[in-house]
Amino acid sequence: MTASANANDLAIVRTVADLRRAVADFRKAGRTIGLVPTMGALHEGHVSLVKGALDRGDVPVTSIFVNPTQFGPKEDFSAYPRDEQGDFDKLRDAQCRIVFAPSKDEMYPGEQLTTVTVAGITDGLCGPLRPGHFQGVATVVSKLLLMAMPDRAYFGEKDYQQLQVIKRMVRDLAMPFEIVGMPTVREKDGLAMSSRNRYLSAEERTQALCMYRQLVKVADTVRDGRTSCAEASAAASRALRDGGFDIVEYFTVVDAESLKPLERVTGPARVIAAARLGRTRLIDNLAV
Ligand code: AMP
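Conventions adopted
- Residues numbered from 1 in each chain as written.
- Predicted model: local features only at pLDDT ≥ 70, side-chain atom pairs only at ≥ 80, totals over all residues.
- Heavy atoms only, no water.
- Helix = DSSP H or I, 4+ residues; strand = E, 2+ residues; numbered from the N terminus.
- Expected span 1.5 Å × (residues − 1).
- Buried < 20%, exposed > 50% of the residue type's maximum accessible area, 1.4 Å probe, protein only.
- Contact = heavy atoms within 4.5 Å.
- Near = heavy atom within 4 Å.
- Polar contact = N/O pair within 3.5 Å; in protein donor to acceptor, adjacent residues only side chain to side chain.
- Areas by Shrake-Rupley, 256 points an atom, 1.4 Å probe, with all protein chains shown as cover.
- Domains from an automatic or database assignment.
- Buried area = accessible area lost by both parts, 1.4 Å probe.
- Salt bridge = Lys/Arg side-chain N within 4 Å of Asp/Glu carboxyl O.
- Nonpolar A, V, L, I, M, F, W, Y, C, P; charged D, E, K, R; others polar.
- Axes fitted to C-alpha atoms, helices over the stretch in contact; angles between N-to-C directions.
- Parallel < 35°, antiparallel > 145°, perpendicular 65-115°, else oblique.
- Left-handed = near helix turned anticlockwise from the far one by under 90°.
- Pairing = 2+ DSSP bridges.
- Phe/Tyr/Trp six-rings, centres within 6.5 Å; stacked < 30°, edge-to-face > 60°.
- Lys NZ or Arg CZ within 6 Å of the ring centre and 35° of its normal.

Asks: Give me helix α8 (residues 202-222): which residues, what numbers.
Replies: In this model α8 runs 32 Å from its N-terminal to its C-terminal C-alpha over 21 residues, within 8% of the 30 Å that 1.5 Å per residue would give. Where α8 is concerned, the buried positions are Glu204, Ala208, Leu209, Cys210, Met211, Gln214, Leu215, Val218, Ala219 and Val222. Buried residues in α8 make contact with α9 (229-242), β7 (247-255), β8 (269-277) and β9 (280-287).

Next up, the structure:
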């Protein structure tokens, strides 16, 4: 399938060779390329990244690949929601022009001996709780970037540590791609949109909101630099447990770039949390 068959077509490509051909067609027409890596089960958060690419004049290229190497053995890889036809419809509506939906063998043909590891900023937050996760993410994102060779790639601030890991990887390896971070898209009541929200029961959906409320509260409380971040975060963790969360993995205030925990806010900071509600693991964060 060629990418320029019809001005508004969504080209569905499954192989790296077809992806490169489709991208080359747009390049020949003088267009720039914006890559949006996803794991599918798309929602308005993903669509906002496609819009971000369109707003900058890029041809949006979305990848859909549930990457096995970023899931731990006890995580939800097999249960992860998949809805390829629904995703294609959403991408067509969003004016995405190429979707790359490879098989596992296309992404990882044969034995793979090479991985990408970003140290330091993966030492805290989700790093120790999900061993191997960020190596899986950094490796698959490197591969997707090298397969699509975009001008820019778009990532959500919803996965804030992931965004910092990718920015750092691109900087350290001098990869010729601009990484664009996009604001978190929320439901009307404030809950961050996530493919995993569909695991929530009606009761859990109500309880889930507690995380956003506590993030707002802590961000407000520590903003002036006079309140202890540890004390405000400890109160928020208690409120999450009282509000029905089973395990609070972390609730903390960190430097916005290094992700090191802060005792007082003196510059750009992020309040960031991960907690489990029933079988669902929720993460969210806010700028302070
Ligand atoms: P995922 O499919 O969950 O791996 O996410 C693919 C991309 O969409 C990542 O860059 C995420 O940070 C981003 N994303 C997920 N949820 C949201 C959201 N609610 N708002 C903005 N971006 C999001």
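That covers the picture; the talk isn't over yet.
Asks: An account of the site of the ligand is requested, with residue identities and associated values reported.
Replies: Close to the ligand lie 17 residues; His46, Gly156, Asp159, Val185 and Met193 are nearest. Within the side chain of histidine 46, a nitrogen or oxygen atom sits 2.9 Å from an oxygen atom of the ligand. A total of 490 Å² of accessible area belongs to the ligand in isolation, and the protein chains cover 93% of it. At the level of secondary structure, the elements contributing two or more residues to the shell around the ligand comprise β2 (32-38), α2 (44-55) and β5 (152-156). With three residues, the single largest contributor to the shell around the ligand is α2.

Asks: Could you give me a rundown of the domain arrangement of the protein chain, with the residues and numbers involved?
Replies: Accessible area lost upon the coming together of the parts serves often as the stated size of an interface. Parsing the protein chain into structural domains produces domain 1 (11-182) and domain 2 (195-287). For domain 1 versus domain 2, the distance between C-alpha centres works out to 26 Å. When the buried surface of domain 1 facing domain 2 is broken down by residue, Leu125, Lys158 and Tyr160 rank first, second and third, together holding 33% of it. In this assembly, domain 1 and domain 2 are joined by three salt bridges. At the level of elements, α5 (126-129) and α7 (160-172) are the ones that each hand at least two residues to the side of domain 1 that touches domain 2. Looking at the side of domain 1 that touches domain 2 residue by residue, the classes come out as eleven nonpolar, five polar and six charged.

Asks: Would you mind going over the packing of helix α6 (residues 133-148) against α7 in detail, with residue names and values included?
Replies: Relative orientation of the contacting elements α6 and α7 amounts to 55°, with a least axis distance of 10 Å. Taken together, the axes of α6 and α7 are oblique relative to one another. Regarding α6 and α7, the two cross each other, and that crossing is right-handed. From α6, Phe134, Val137, Ala138, Val141, Ser142 and Leu145 reach across to α7, where they touch Gln161, Gln162, Val165, Ile166, Met169 and Val170.

Asks: Kindly report on the environment of valine 61, identifying the contributing residues and their values.
Replies: Tracing the backbone shows valine 61 in strand β3 (residues 58-64). What makes valine 61 buried here is its relative accessible area of 1%. C-alpha of valine 61 to C-alpha of asparagine 8: the two residues are 53 residues apart in sequence and 13 Å apart in space. Beyond its immediate chain neighbours, meaning those up to four positions away, valine 61 contacts Leu19, Val23, Ile33, Gly34, Leu35, Val36, Cys96 and Ile98.

Asks: Residue-level account of the sheet that holds β3, with values.
Replies: Read from one edge to the other, the open sheet built from six strands follows the order β1-β4-β3-β2-β5-β6, with strand pairing classed as parallel. Bordering the open sheet on either side are β1 (11-13) and β6 (178-182), each of which pairs with just one other strand. Taking the axes of each pair of neighbouring strands and ignoring which way they run, one obtains an average angle of 25° across the sheet. Sheet analysis places β2 next to β5, joined by two bridges and oriented parallel. For leucine 35, the partnering residue across the bridge sits in β5 and is alanine 153. Docked against the sheet, α7 engages β5 and β6, running at close to 165° with respect to β6.

Asks: How would you sum up the packing of aromatic side chains? Please name residues and give values.
Replies: Enumeration over the complete set of coordinates arrives at three aromatic pairs. When the centroid spacing of 6.1 Å and the interplanar angle of 50° are considered together, the rings of phenylalanine 65 and tyrosine 108 count as tilted. With phenylalanine 65 in the loop between β3 and α3 (84-93) and tyrosine 108 in the loop between α4 (104-107) and α5, this residue pair connects regions lying 43 residues apart in the sequence. Like phenylalanine 65, the residue tyrosine 108 is buried in the burial classification. Ring plane angle 75° and centroid distance 5.8 Å describe the contact between phenylalanine 71 and tyrosine 80, whose orientation is recorded as edge-to-face. Each member of the pair, phenylalanine 71 together with tyrosine 80, is buried. Each member of the aromatic cluster is reached from another via a ring pair, and the members are Phe71, Phe77 and Tyr80. The ring of phenylalanine 77 carries arginine 82 above its face, with NZ or CZ at 5.0 Å from the centroid. Between arginine 279 and the ring centre of tyrosine 199, over which it is positioned, the NZ or CZ distance is 4.5 Å.

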